[in-house]
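If you want the building blocks of each chain, they are given just below.
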Amino acid sequence: MAENYEIKNSFRIGQSEVVFGVDEHSENPFFCGFCEKENLIVMVRERYTKCMVGNDYIGMLELFADRVKQLTEKVRAEWAKITVPREPITPDMCYPNDYDKSIVDKVVAIKKTVFRPEYQSADRQLVYVTGGNGAKGNPHGRACFCKNLYTGEELRYERYEVEGVVKPECTPEWAKERLAEIQKQIQAEKQAQRREER
């Protein structure tokens, strides 16, 4: 629900979601807006922006369709900025996710299904595991702390979201180069920390 409007249709792509709602008792029974969801510890809070209401069903549906098109164009523009091949990493390109073994300091692929269809590609999937209780052999937790190989962003995934350690022959060249940079950066940070502790 968005106030009195029951959400009948929604479409999520990229970082946004467009929603279409109906309130049959209103003089403007049709609603269209963007929905942002914030995950809180106990609930999900929704915030609606750029909301429009009206009594022209077809006109409001056209607005809904136009906004979906805007979002798809935005995602296509994001894709155009990616400088590496976008092919996904598939299960056959990985060793099985063996919970008996540590995945710390390994390049792993996150399962495609963790991501929405527009983000099911190697630039999102490939990460370097830096720690977390879930990353250890015979883990007592689920958290795996990682660095995305393409963006360098620090992320957290659950161990069950890991497809497996990527086979060396299946690791893209760009990922090998980026891994070397990340390892060098981590080593430099550790050395700087040791100097500070002296």
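Report follows, based on the coordinates.

Conventions and cut-offs
Residues numbered from 1 in each chain as written. Predicted model: local features only at pLDDT ≥ 70, side-chain atom pairs only at ≥ 80, totals over all residues. Heavy atoms only, no water. Helix = DSSP H or I, 4+ residues; strand = E, 2+ residues; numbered from the N terminus. Buried < 20%, exposed > 50% of the residue type's maximum accessible area, 1.4 Å probe, protein only. Lys, Arg positive; Asp, Glu negative; His and termini not counted. Salt bridge = Lys/Arg side-chain N within 4 Å of Asp/Glu carboxyl O. Polar contact = N/O pair within 3.5 Å; in protein donor to acceptor, adjacent residues only side chain to side chain. Contact = heavy atoms within 4.5 Å. Pairing = 2+ DSSP bridges. Phe/Tyr/Trp six-rings, centres within 6.5 Å; stacked < 30°, edge-to-face > 60°. 1 Å grid on protein atoms, 1.4 Å probe; cavity = no way out; pocket = protein on both sides within 12 Å on 5 of 7 lines; lining within 4 Å. Points joined across faces, edges and corners; volume = space filled by probe spheres on them. Nonpolar A, V, L, I, M, F, W, Y, C, P; charged D, E, K, R; others polar. Core = buried A, V, L, I, M, F, W, Y, C linked by side-chain atoms within 4.5 Å.

What about the side chain of Glu161?
Okay, so step 1: Relative to the helices and strands, Glu161 resides in the loop between strand 8 (154-158) and strand 9 (162-165).
Okay, so step 2: No salt bridge is formed by the buried Glu161. Its closest oppositely charged neighbour is Arg156, at 7.2 Å.
Okay, so step 3: At 2.8 Å, the side chain of Glu161 forms a polar contact with the backbone nitrogen of Glu158.
Okay, so step 4: Apart from the residues lying within four places of it in its own chain, the contact partners of Glu161 are Ala109, Ile110, Lys111 and Val114.

Regarding the pairing of strand 7 (residues 143-148)
Okay, so step 1: With 5 of 6 residues buried, strand 7 lies mostly within the body of the structure.
Okay, so step 2: The pairing of strand 6 (residues 126-131) with strand 7 spans 4 bridges and is classified as antiparallel. Looking at strand 7, one finds that Val129 is bridged to Cys146.
Okay, so step 3: When strand 7 meets strand 8, the two strands line up antiparallel, connected through 5 bridges. Across the sheet, residue Phe145 finds its bridge partner in strand 8, namely Arg156.

Quick look at the packing of aromatic side chains
Okay, so step 1: Applying the stated rule across the entire model yields 8 aromatic pairs.
Okay, so step 2: Relative to Phe64, the ring of Phe20 has its centre 6.2 Å away and its plane inclined at 75°; by these criteria the two rings are edge-to-face. Note that Phe20 is positioned in strand 2 (residues 16-22) and Phe64 in helix 1 (residues 57-81), a separation of 44 residues in sequence.
Okay, so step 3: We classify Phe20 as buried; its relative accessible area is 2%.
Okay, so step 4: Exposure remark for Phe64: the relative accessible area of 14% places this residue in the buried category.

Quick notes on the layout of surface pockets
Okay, so step 1: Here the second largest pocket defines a volume of roughly 230 Å³.
Okay, so step 2: Considering the residues around the second largest pocket, the lining is formed by 14 residues, among which Tyr119, Asp123, Arg124, Tyr150 and Thr151 are closest to the centre.
Okay, so step 3: Of all elements in the fold, only helix 1, helix 2 (122-125) and strand 8 reach the threshold of two or more residues within the lining of the second largest pocket.
Okay, so step 4: Broken down by class, the residue content of the lining of the second largest pocket amounts to 7 nonpolar, 2 polar and 5 charged.

Description of unusual backbone geometry
Okay, so step 1: Residues other than glycine seldom take positive phi values, yet Lys50 does so here, at roughly 50°.
Okay, so step 2: Among the secondary structure elements, Lys50 is positioned in strand 4 (residues 44-54).
Okay, so step 3: At Asp105, a position not held by glycine, the phi torsion is positive, near 65°.
Okay, so step 4: Locating Asp105 in the fold gives a position in the loop between helix 1 and strand 5 (107-110).
Okay, so step 5: Here Asp105 falls in the partly exposed class, since its relative accessible area comes to 48%.

Structural notes on the nonpolar core
Okay, so step 1: Of all hydrophobic cores here, the largest spans 17 residues; its most connected members are Ile89, Val107, Leu126, Tyr128, Leu149, Val166 and Trp174.
Okay, so step 2: Taken together, the elements giving at least two residues each to this core come down to strand 5, strand 6 and helix 3 (173-197).
Okay, so step 3: Among the elements that line this core, the one with the most residues is helix 3, at 5 residues.
Okay, so step 4: With residues up to four places along the chain from it excluded, the contact list for Leu149 reads Val107, Leu126, Val127, Tyr128, Trp174, Ala175, Arg178, Leu179 and Ile182.

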